[in-house]
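These are the residues of each chain, in order.
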Amino acid sequence: MADKTAQLRLDDQTIELPIVVGSEGERAVDITSLRSKTGYITMDPGYANTGSCTSRITFVDGENGVLHYRGIPIDDLADKGSFLETAYLLIYGKLPNKDQFNYFTESISRHTMLHEDFKAFYGALPKDAHPMAACSAVVGALATFYPDSLDPRDPRQVEISVHRLLAKLPTIAAYAYKHSIGQPFMYPDNRLDYVGNFLHLMFATPCEDFEVDPVVKKAIDLLLILHADHEQNCSASTVRLVGSSHVNLFAAIAAGINALWGSRHGGANQEVIEMLAAIRDEGLTASEFVERAKSSDDTSRLMGFGHRVYKNFDPRMTIIKKACFDVLEKLGVQNKLVEIAVELEEIALKDDYFVERKLYPNVDFYSGVIYNAIGTPMNMFTAMFAIGRLPGWIAQWVEMHQDKHKIYRPRQIYVGETGRRYVDIAERD
Ligand code: ACO
């Protein structure tokens, strides 16, 4: 991989550093030996210019709006694939053949139930507990129920944990919702496919028959595919960082769920709808809100806009926007929030502030509108993102363990006080 080197002049020294070149031509200077050779480290707050690993999972070209999973363009998968196929692709590196897919789906459908004792666990949470807090707590607690499969270096234990997690996260998320509204938990229905079963767990009750709406199921499947991985984002890096200590998969994924929850990451999908509803309820015009979002106090960003990597457009957003209009039309939903979203997008895309900073609508801008249109409660949006992102987190965790890796441990430059001594409390100012 390192066919040429970079030369770095520091003080009176010139050193050679290897250049790493990726399969899509991306280049990095490998600074692993910099400190031992020179005493210097590099500074990159927020890691905006730091490659933390090489990876064979997902390729993003933010300048050109490109996203590939294992070399396959996202549009192709969105058009022809299913979420479980995508999950298999991300985790195992290739699309499954028929036998592999049957084994995978069968195994997942056999692990959808939660231990009955979890009912008491949910019962201990307040009714208004945010589903993301409930999800991370329950996923972390899976480690207490499955001590037989916690070793990250045992392939059979890893496989069973992976299948358990993929199978159980929809149940875990749906139970958080059922708990919040006081409805009985539904048992999974293994006759249904992955998304059908999730909708059943969320919206069925024991009192009446529940039919899965095919339009809704297709839309959710698409959203899950589009959210399935996004290389070294905040939550995936969290999963790698936590996992690098060789902690079990459940603990690392629970950490990823918590990272996703924040409003600058996956939590933005909930905040987009809250923002649209606030604009509607306060009677603001889209232009007035865009002006507010430009204010320097940073408290009211235009949620669903901007991305650390995409500086042109987010290809997932283009697919979601189209799906959003399809779903609304097929379900016959008239939605004021969509009108506001379209207006905001049009204004922001022409506004110098957003143009200069290369701020474009991201994956979260229209996804919440779809979730909202199909009757998903707002505080479940980010939990649905987590269900989608789970295969990506798993793939990142598995890859890290397959590759030679060190414990993640960034350095710092200390800028605090120096040379102080302990002063007795009676003598302090
Ligand atoms: N609205 C208004 N201004 C914005 C926005 C926004 N949505 N996003 C960035 N800016 C401005 C910042 O204020 C900053 O301006 P300045 O240079 O004058 O100080 C500049 O654009 C750069 O912003 P940063 O926060 O430094 O950019 P960064 O790459 O670190 O952040 C992020 C990316 C966190 C996504 C940011 O754009 C944001 O907060 N967006 C809104 C939240 C959001 O939609 N998050 C979902 C992202 S997608 C995902 O995680 C699934």
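Please read these numbers as outputs of a predicted model, since none were measured by experiment.

K.L.:
How would you explain the nonpolar core if you had to name every residue and give the values?
P.N.:
With 118 residues, the main nonpolar core has Ile 253, Met 275, Leu 276 and Leu 344 as its most contacted residues. Excluding anything up to four places from it in sequence, Met 275 contacts Phe 289, Arg 301, Leu 302, Met 303, Leu 344 and Phe 365.

K.L.:
I'd like to hear about the sheet that holds strand 5 (residues 66-69), residue by residue, with values.
P.N.:
Pairing in this open sheet of 3 strands is antiparallel, and the strands run 4-5-6 from one edge to the other. Every other strand in the sheet has two partners, leaving strand 4 (58-61) and strand 6 (72-73) as the edge strands with one partner each. Sheet topology places strand 4 next to strand 5; 4 bridges connect them, and they run antiparallel. Residue pairing in the sheet places Val 60 in a bridge with Leu 67 of strand 5.

K.L.:
Lay out the site of the ligand in plain terms, naming residues and giving numbers.
P.N.:
The full set close to the ligand counts 22 residues, and Arg 301, Leu 302, Gly 304, Phe 305 and Tyr 353 are the nearest of them. Measuring from a nitrogen atom of the ligand, one finds a backbone N or O atom of Arg 264 at 3.2 Å. One of the backbone N or O atoms of Phe 305 is found 2.8 Å from a nitrogen atom in the ligand. Notes on the ligand: free accessible area 920 Å², of which the protein chains cover 74%. The class makeup of the residues in the shell around the ligand is 10 nonpolar, 6 polar and 6 charged.

K.L.:
Account for the pairing of strand 5, naming residues and giving values.
P.N.:
Counting the residues between successive antiparallel strands, the hairpin from strand 4 to strand 5 contains 4 residues, one of them, Gly 65, with a positive phi of roughly 65°. Here strand 5 runs beside strand 6; their pairing, made up of 2 bridges, is antiparallel. By the bridge assignment for strand 6, Tyr 69 is matched with Ile 72. Between strand 5 and strand 6, which pair antiparallel in sequence order, lie 2 residues; one of them, Arg 70, sits at a positive phi of approximately 50°.

K.L.:
Please provide a residue-by-residue account of the sheet that holds strand 2 (residues 13-21), values included.
P.N.:
Spatially, 3 strands are ordered 1-2-3 in an open sheet, and the strand pairing comes out antiparallel. The sheet terminates laterally at strand 1 (5-10) and strand 3 (27-29), the two strands that pair on one side only. With direction set aside, neighbouring strand axes in the sheet form an average angle of 30°. Relative to strand 2, strand 1 runs antiparallel, the two sharing 6 bridges. Looking across to strand 2, one finds that Gln 7 is bridged to Glu 16.

How each quantity is defined
The residue numbering used here restarts from 1 in each chain and proceeds along that chain's sequence as written. Restriction of local features to residues with pLDDT of at least 70 applies here, the model being predicted, together with a cutoff of 80 or more for giving and counting side-chain atom pairs; totals for whole chains, interfaces and linings are based on all residues. Heavy atoms throughout the structure, all of them, feed into the side-chain values; hydrogens and water do not. Among buried residues, the Ala, Val, Leu, Ile, Met, Phe, Trp, Tyr and Cys ones that are joined through side-chain atoms within 4.5 Å form a nonpolar core. Here the term buried applies to any residue with accessible area under 20% of the maximum for its type, exposed to any over 50%, and partly exposed to those in between, with areas from a 1.4 Å probe on protein chains only. Contact criterion: two residues are considered in contact whenever any of their non-hydrogen atoms come within 4.5 Å of each other. By definition, two strands form a pair when at least two bridges between them are found by DSSP. Counting from the N terminus, the helices are DSSP H or I runs at least four residues long and the strands are E runs at least two residues long. When we say a residue is near a molecule or strand, we mean one of its heavy atoms is within 4 Å of it. Two N or O atoms count as a polar contact when they lie within 3.5 Å, although within protein this holds only if one can serve as hydrogen donor and the other as acceptor, and sequence-adjacent residues are included solely when both atoms are side-chain atoms. Per-residue and other accessible areas follow the Shrake-Rupley method at a 1.4 Å probe size, with only the shown protein chains counted as cover for residues. For this classification, the nonpolar set comprises Ala, Val, Leu, Ile, Met, Phe, Trp, Tyr, Cys and Pro, the charged set comprises Asp, Glu, Lys and Arg, and every other residue, Gly included, is treated as polar. For helices, the fitted axis covers only the stretch in contact; all axes are lines through C-alpha atoms, and the angles between them, taken along N-to-C directions, range from 0 to 180 degrees.

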